[in-house]
Structures are given as structure tokens and as C-alpha cells.
Amino acid sequence: MIHTIDDDTKKIVKAIVHGDKKRQSRKRKGEHTDFDRRAEEAIKAAKRDFLLEGMDKEARRHIIEKIYESLIYNTPWEMLGDTYCCRRLFYEYRMEFCYLIAVHMRIIEKQEEDSVGEEKKTSSRPESRSENGGDIG
């Protein structure tokens, strides 16, 4: 589930989400741009496509709203109150949410997954013996 995005893409996605409140007010005033529509659709699609395995609908909705809140107001996990998950997991979820927004905005291409559902390895370094099941000593 964990996808990575580069720092520049991360900054762009955070800026897109951070400006969502201003976009909503422009929409109410009738000053909605094409970019505003694309960003709004991307955020909605990311919320819809963000799967949290083993969570009921209410817990899923709550975690997604906390992630969204943390991105809009640049609020750290420690200041969000009850997030239903630990700090490490929250930031992994937040990274995945940002990845989905970037994919839906067509900033990046969707990363391929193998048949098991895990991200394909793209590392150029050779695997160690411990990673490929060989003897260590």
C-alpha cells in the first residue's frame, strides 16, 4: 500500500489540499476555474479510492478527515486529537492519500503493483542474501 512520491510532488499536493478551502469559497462565488474543478475532483477521488483494510466506514471516514485536516491546516499528528491510529501509521496513510491525489491530478503515473498487491521493487541495488532467503552466516 505504501507508495512514495518525490519531494517536489509532495509540495505540490500539499499546496493543492492546503488551498482547498479557498477553492470552495471561489466556487460559492461562481469564480471556479478549471484547475479548481480538477483539484476538487482529485481530492474527492482520493477520499473515495483510499482503502483502509479492516476499518469500518465510520473509522475510515474519521481517519480520512483527520488526514485532510492535517494537510489543510498543516497540523502535526500530535495536535489532531483522536486519529484512531498511531503516529507512524497516520503518516503512512497521509503519504498514500497524497499519492492518490497526485495520481488523480495526473502529476504522476500510477505505480504498478505485482500480483500480490505489493509495489514492485524499483531499487537498483542487488538484494542481500537475507532478503532473498539465502544463508546469512
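Please read all numbers here as calculations on a predicted model, not as lab measurements.

Time to look at the pattern of salt bridges. For the coordinates displayed, the defined rule picks out 12 salt bridges. The partner of Arg-23 in a salt bridge is Asp-20, with the nearest N and O atoms 3.6 Å apart. With Arg-23 and Asp-20 both in helix H2 (residues 20-29) and three residues apart, this pair spans about one turn of that helix. A single burial state applies to Arg-23 and to Asp-20, both of which are buried. A salt bridge links Lys-66 to Glu-69; the nearest nitrogen and oxygen atoms lie 4.0 Å apart. Taken together, the residues span about one helical turn, with Lys-66 and Glu-69 both in helix H4 (residues 57-73) at a distance of three residues.

Next up on the list: helix H1 (residues 7-18). Taking 1.5 Å per residue as the helical rise, H1 with its 12 residues ought to reach 16 Å, and the 16 Å between its terminal C-alpha atoms agrees with that figure. Those residues of H1 that are buried are in contact with H2, helix H3 (34-49), H4 and helix H5 (87-104).

What follows concerns the packing of aromatic side chains. Per the counting criterion, the structure on display carries three aromatic pairs. Measuring from centroid to centroid gives 5.9 Å for Phe-50 and Tyr-93, while their planes differ by 80 degrees, and the two rings are edge-to-face. Here Tyr-93 lies in helix H5 and Phe-50 lies in the loop between H3 and H4, a separation of 43 residues in the sequence. Here the two residues Phe-50 and Tyr-93 agree in accessibility, since each one is buried. With 6.1 Å between their ring centres and 70 degrees between their planes, Phe-50 and Phe-97 make a pair best called edge-to-face. Here the residue Phe-50 occupies a position in the loop between H3 and H4, and Phe-97 occupies one in helix H5, the gap between them amounting to 47 residues. A connected cluster of aromatic rings, assembled from ring pairs, spans Phe-50, Tyr-93 and Phe-97. Here the basic side chain of Lys-47 rests over the ring of Tyr-68, its NZ or CZ set 3.9 Å away from the ring centre.

Before going further, it helps to spend a moment on the packing of H3 against H5. For the pair H3 and H5, the least separation of the axes is 8 Å and the interaxial angle reads 130 degrees. Between H3 and H5, the angle falls in the class oblique. The handedness of the crossing between H3 and H5 comes out as right-handed. For the pair H3 and H5, contact is made by Ala-42, Ile-43, Ala-45, Ala-46, Lys-47 and Asp-49 and by Phe-97, Leu-100, Ile-101 and His-104, respectively. In terms of residue class, the contact of H3 with H5 is built from seven nonpolar, one polar and two charged.

The contact between H4 and H5 brings their axes to 10 Å, and the two run at 75 degrees. Classified by the angle between their axes, H4 and H5 sit roughly perpendicular to one another. Taking contact as the criterion, the partners of Ile-63, Ile-64, Lys-66, Ile-67, Ser-70 and Leu-71 in H4 are, on H5, Phe-90, Tyr-93, Arg-94, Phe-97 and Cys-98. Taken together, the residues of the contact of H4 with H5 sort by class into eight nonpolar, one polar and two charged.

Parameters at a glance
- Counting from 1, residues in each chain are numbered in the order their sequence is written.
- Given that this is a predicted model, residues contribute local features only at a pLDDT of at least 70 and side-chain atom pairs are listed and counted only at 80 or more, while totals for whole chains, interfaces and linings are drawn from all residues.
- Each side-chain value is derived from all of the structure's non-hydrogen atoms; neither hydrogens nor water enter the calculation.
- Salt bridges are defined by distance alone: a side-chain nitrogen of Lys or Arg within 4 Å of a carboxyl oxygen of Asp or Glu.
- Put simply, DSSP H or I for four residues or longer makes a helix, DSSP E for two residues or longer makes a strand, and each gets a number counted from the N terminus.
- Remark: exposure states derive from per-residue accessible area (1.4 Å probe, protein chains only) relative to the maximum for the residue type, with buried under 20%, exposed over 50%, and partly exposed in between.
- A helix's residues, less one, multiplied by 1.5 Å, set its expected span.
- In this analysis, two residues are considered to be in contact whenever any of their non-hydrogen atoms come within 4.5 Å of each other.
- When two rings of Phe, Tyr or Trp (its six-membered ring) have centres within 6.5 Å they constitute a pair, described as stacked for plane angles under 30 degrees, edge-to-face for angles over 60, and tilted for the intermediate range.
- Over a ring means this: the NZ of a Lys or the CZ of an Arg is within 6 Å of the ring centre and within 35 degrees of the ring normal.
- Axis lines are fitted through C-alpha atoms, for helices just across the contact stretch, and the angle between N-to-C directions can take any value from 0 to 180 degrees.
- In this scheme, roughly parallel covers angles under 35 degrees and roughly antiparallel covers those over 145, while 65 to 115 is roughly perpendicular and the rest are oblique.
- In this scheme the crossing of two helices becomes right-handed for a clockwise turn of the near helix relative to the far one and left-handed for an anticlockwise turn of less than a right angle.
- Put simply, Ala, Val, Leu, Ile, Met, Phe, Trp, Tyr, Cys and Pro go in the nonpolar bin, Asp, Glu, Lys and Arg in the charged bin, and everything else, Gly too, in the polar bin.

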